[in-house]
Amino acid sequence: MPRLPDEPPFPQTEEEREAAMTGTEYQHPLMKAYWAQLDTGFKPIADVFEDVMAEALAILTREGLDAYLEAARVIGKLGRGVEPMLAFMEEWPTTARALGESALPEVMALIQRMQKSPNGKAITPFLQTLAPVARKLHSQERMGRYLDIALDLMERTTGSIHGHHTTFPSPGLPDFFDQAPFLLGQLSVAGLRNWVEYGIRNYRTHPERQRDYFSLQSADSRAILQRERHGTLFMDVERKLDLYLRGLWQEAEQLVPYSTAFDELRKPVPYYDKLGMRIPDVYDDAGTISGLDRYRVTLAHMVGHRRWTEAQIADNWSPFQRMAVEFFEDCRIEILLCREYPGLRRIFLALHPKPVEGACDEETTSCLRHRMAMLSRALLDPDHGYGDAVLLDYVRRFHALMAPDESGQRESSTAEIAELALSYVARTRRQSDQLARIHFADTVIDYRDDNRQMWKFIEEGDEEEAFDAKRKIEPGEELKGLPPRHYPEWDYHSQTYRPDWASVYEALHPQGNAADIDRLLLKHGALAKRLKRMLDLLKPQDKVRIRYQEEGSELDLDVALRSLIDFKGGATPDPRINMSHRTNGRDISVMLLLDLSESLNEKAAGSDQTILELSQEAVSLLAWAVEQLGDPFAIAGFHSNTRHDVRYLHIKGYSERWGDDAKARLAAMQAGYSTRMGAAMRHAAHYLEARPADKKLMLILTDGQPSDIDSNDEQLLIEDTRQAVKELDRNGIFTYCISLDPKADEYVSTIFGRQYTVIDNIQRLPEKLPELFMALTK
């Protein structure tokens, strides 16, 4: 911007800048020039103008200051009130320090795009979080990618009435800007793009759900955030950690991850109880220490407590005394661990903070944690460099207590360490320890657990918690039913799973009249007789002879006599005169999964019966046939009403015989809702995988393609079911689809490959289904 005619020169020194800011009512000519350049009448701006200009003068160059004031003037003229202008003037100097002044044009370009769209209200949260976002990103290049993500979100979620002119603002954009500093603390820019892309793709047409997603209120939002977080994920190294515990420490405890992403006020810390060892779900690298090594020392520290720490009665000890005992005991445990595996010392020292001596002002601040952290460092690090006489005395006494005896077996004890810690507390107590302001810098040792198992209480007070006490069930309290099982769903757009996307509720199917099924079997008596003859051929025989063996369990007399005659006649005899036996058994488990969607209520073509009634007849005959063969089998039905409500109904279980109870449930079958097939198949596989059979067969009887009312993309659930078939195949389950849809050729091969049959004449289903089963299980 050109210099004003009467504008004085730009202040070059600190004294000139301070002089420019002195006086009231902008009496200094430089301040008057700046205020005139800003061209605003907002009183809140006038109230803070001197303060923000002081910061701007200290950070920005002359050109940067001109651009800053011009940008603030433009924002003030947008017609959005004082908040955007105030936020920009307060946030930009800090942003420029982090990114450089050249980042301003890109920022202003996004503001102009938002102003020209219905998203003007998002300008304020964008500017209010600009500085913390800049501090997370550290570079102009990364800021440009962040702005591209925000622009993409805005353009793809801003709605229109007729598809030509945008009319409705993006529901999630303001919430995205509000959460951006937190998100960038958890995700890389690439991870943020994936997280945003997931929200756009799945909630673009659902304003309320979109707001929940981008404000981190929905379970999906948090699940995707967990998946995309940077660092070493627990799920990726769980097997390594389990082997580490078993191999090095002879421990086989359950490892239970907890999330560190959402509790900003009070970060959870590792701990262990009767249910397992609780550790973070992700660890970032810490300098030269990898996330995997951080997991290892955290587990090693807890193993040490389990092995060497004895619980102490804490009723008569103050919080200060208990904290001191915990610090001393933690150091004792780490010394003992390093004796077993000396390489741990390098990791402990790299992760342990090194407080600066004298960094805490004891006149105004409680330095209790600072003193304990210094002592902890000194106990572990021979080269600590501290000069405090009391600290050095207790370091000497600690190592004297830890020194091994002549046999080299002495490990000291928790009680001895506690006595030393109480002595330290009595000697170092300060009046300032009671102050509310506490010095926390360089005092957090994040690989240590919370020591809850170190204490026992004779009397439980309000401040103690019985961590292992079972919850008392109040009188009249009842279980409402089985909780849902959550299954992922495949998103073919991103080639990733949507974690915990479908909720499957399972229940026992209601019962009807078992006699109805018996009448159906009588109706098809002739077919049953024909099937019986086929079944007899398939029934397993106990023993089958294997003849013509050179080595076997017994002599085959017919072959032996023939060989003897050949030998006597001068011909070369056949040496294969033995035979053996093998058991000809069928080792197969079958799952019959029935689509119970609304379309089964339609009449079959050329018949007075519904598809549901014909399905009942076919399943009855198939169940009778499988029972005759003796193969263990289960029957279940499913339907869905959005991904939140997939119903899985047990009709017959593997351990249940084909009797009146199973027949009664089959007789009561009803159709309704939609067909979310992938989730139902994954849940059925949960039971089929547990069967100890050589061959596992899942038959899916359906009359249409996978679909649901909350899925606008027809291909989405088809691709998910295809992915489910691949998963089951990897797990040793053979899937086969029997489709009653005349148009199934358009999609069924995409899902099942060649493992399907389309029955065009549905009236022949009772005949075809058992025959198909027998053909598949020969």
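Owing to the predicted nature of the structure, the values given are computational and were not obtained by experimental measurement.

For glutamate 602, the location among the structural elements is in the loop between β15 (588–595) and α24 (611–629). The spatial distance from the C-alpha of glutamate 602 to the C-alpha of glutamate 613 is 10.0 Å, given a sequence separation of eleven residues.

In this section: the state of the cysteines. One pass over the full model with this rule turns up one disulfide. What pairs with cysteine 360 in a disulfide is cysteine 367, and their sulfur atoms sit 1.9 Å apart. Taking the sign of the S-S torsion, -90° for the link of cysteine 360 and cysteine 367, the bridge is left-handed. Among the residues examined, cysteine 360 registers a relative accessible area of 11% and is labelled buried. Accessibility expressed as a relative area gives 2% for cysteine 367, which makes it buried.

Next up on the list: the side chain of glutamate 489. Looking at where glutamate 489 falls in the secondary structure, it is placed in strand β10 (residues 485–491). Take glutamate 489: its relative accessible area is 1%, and that puts it in the buried class. Engagement of the side chain of glutamate 489 in a polar contact is seen with the side chain of tryptophan 501, the distance being 3.3 Å. Within polar-contact distance, the side chain of glutamate 489 engages the side chain of arginine 676 at 2.9 Å. Here glutamate 489 is in contact with Thr496, Tyr497, Arg498, Trp501, Ala502, Arg676, Arg682, Leu717 and Asp720, once residues within four sequence places are set aside.

Glancing now at unusual backbone geometry. Backbone geometry at tyrosine 548 places phi at a positive 60°, although glycine is not the residue there. Locating tyrosine 548 in the fold gives a position in strand β12 (residues 541–549). In the Ramachandran plot, tyrosine 673 falls in the positive-phi region, its phi being about 65° despite a non-glycine side chain.

With 15 residues, helix α4 (residues 62–76) extends 21 Å between its outermost C-alpha atoms, agreeing within 8% with the 21 Å of an ideal straight helix rising 1.5 Å per residue. Buried within α4 we find Arg62, Gly64, Leu65, Asp66, Tyr68, Leu69, Ala71, Ala72, Ile75 and Gly76. Packed against the buried residues of α4 are α2 (29–38), α3 (43–59), α5 (82–99), α6 (104–116) and α7 (123–128).

What follows covers the sheet that holds strand β6 (residues 276–280). An order of β4-β6-β5 is seen for the three strands of this open sheet, with the pairing classed as mixed. Edge positions in the open sheet fall to β4 (255–258) and β5 (271–273), since each of these has one partner strand only. Each strand axis lies, on average, 25° off the axis of its neighbour in the sheet, ignoring direction.

Turning our attention to the environment of proline 575. Take proline 575: it is sitting in the loop between α23 (557–568) and β14 (578–584). Spatially, the C-alpha atom of proline 575 lies 6.0 Å from that of glutamate 550, the residues being 25 residues apart in sequence.

Here we take up the pairing of β10. By the bridge criterion, six bridges tie β10 to strand β11 (residues 496–508) in an arrangement that is antiparallel. When the sheet's bridge partners are listed, histidine 486 is paired in β11 with serine 503. Connecting β10 to the antiparallel partner β11 that follows it, the hairpin turn spans four residues, and glutamine 495 within it adopts a positive phi of roughly 60°.

Conventions used here
- Residues numbered from 1 in each chain as written.
- Predicted model: local features only at pLDDT ≥ 70, side-chain atom pairs only at ≥ 80, totals over all residues.
- Heavy atoms only, no water.
- Helix = DSSP H or I, 4+ residues; strand = E, 2+ residues; numbered from the N terminus.
- Disulfide = S-S within 2.5 Å.
- Buried < 20%, exposed > 50% of the residue type's maximum accessible area, 1.4 Å probe, protein only.
- Polar contact = N/O pair within 3.5 Å; in protein donor to acceptor, adjacent residues only side chain to side chain.
- Contact = heavy atoms within 4.5 Å.
- Expected span 1.5 Å × (residues − 1).
- Pairing = 2+ DSSP bridges.
- Axes fitted to C-alpha atoms, helices over the stretch in contact; angles between N-to-C directions.

In short, shape yes, function no, at least from these values alone.
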